[in-house]
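# Understanding the architecture of this molecule
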Amino acid sequence: MGLNAQAASDVAHVLSEALPYIQRFSGRTVVIKYGGNAMVDEDLKAGFARDVVLMKTVGINPVVYMVVVRRSAICSSVLARRPSLSRACG
């Protein structure tokens, strides 16, 4: 992630304002759900990884769990209850 001087200044400003909040969670474990678009979009993947590394760097213990739900499983469940939605799963 290359930053120009202005972008780096903006990031530093935001982090300095967030520091008191971040410090409250230092030493604690935070559970993070990872799934959906974050698993398929390259920019979201990179941002997610960067955020997890930042949390670890400031003393927060991130625990990531992945949620993978196949569309067919969702459709089967929905259709069992609402057959009228068959076009949505077609």
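Residues numbered from 1 in each chain as written. Predicted model: local features only at pLDDT ≥ 70, side-chain atom pairs only at ≥ 80, totals over all residues. Heavy atoms only, no water.

### Overview of the layout of surface pockets
In this model, the largest pocket occupies a volume close to 190 Å³. Taken together, the elements giving at least two residues each to the lining of the largest pocket come down to α1 (5-24) and α2 (42-57). A per-element tally of the lining of the largest pocket places α2 first, with three residues. Partitioning the lining of the largest pocket into residue classes produces eight nonpolar, no polar and one charged. (1 Å grid on protein atoms, 1.4 Å probe; cavity = no way out; pocket = protein on both sides within 12 Å on 5 of 7 lines; lining within 4 Å. Points joined across faces, edges and corners; volume = space filled by probe spheres on them. Helix = DSSP H or I, 4+ residues; strand = E, 2+ residues; numbered from the N terminus. Nonpolar A, V, L, I, M, F, W, Y, C, P; charged D, E, K, R; others polar.)

### Notes on α2
Helical geometry: 3.6 residues make up each α-helical turn, so side chains three or four residues apart lie on a common side. Counted at 1.5 Å a residue, the expected span for α2 with its 16 residues is 22 Å, and the 23 Å between its end C-alpha atoms agrees. The N-terminus of α2 is capped by D41, whose side-chain oxygen sits 3.0 Å from the backbone nitrogen of D43. Note on α2: the residue one or two positions beyond its end, G59, has a positive phi of about 95°. (Expected span 1.5 Å × (residues − 1). Polar contact = N/O pair within 3.5 Å; in protein donor to acceptor, adjacent residues only side chain to side chain.)

### Section: the pairing of strand β1 (residues 29-35)
Walk down a regular strand and you will see the side chains alternate between the two sheet faces. With seven bridges connecting them, β1 and strand β2 (residues 61-67) associate as parallel partners. Following the sheet pairing, Y34 is matched in β2 by M66. A crossover links β1 with its parallel partner β2, the connecting element being α2, and its sense is right-handed. (Pairing = 2+ DSSP bridges. Right-handed = clockwise from strand over helix to strand, strands pointing away.)

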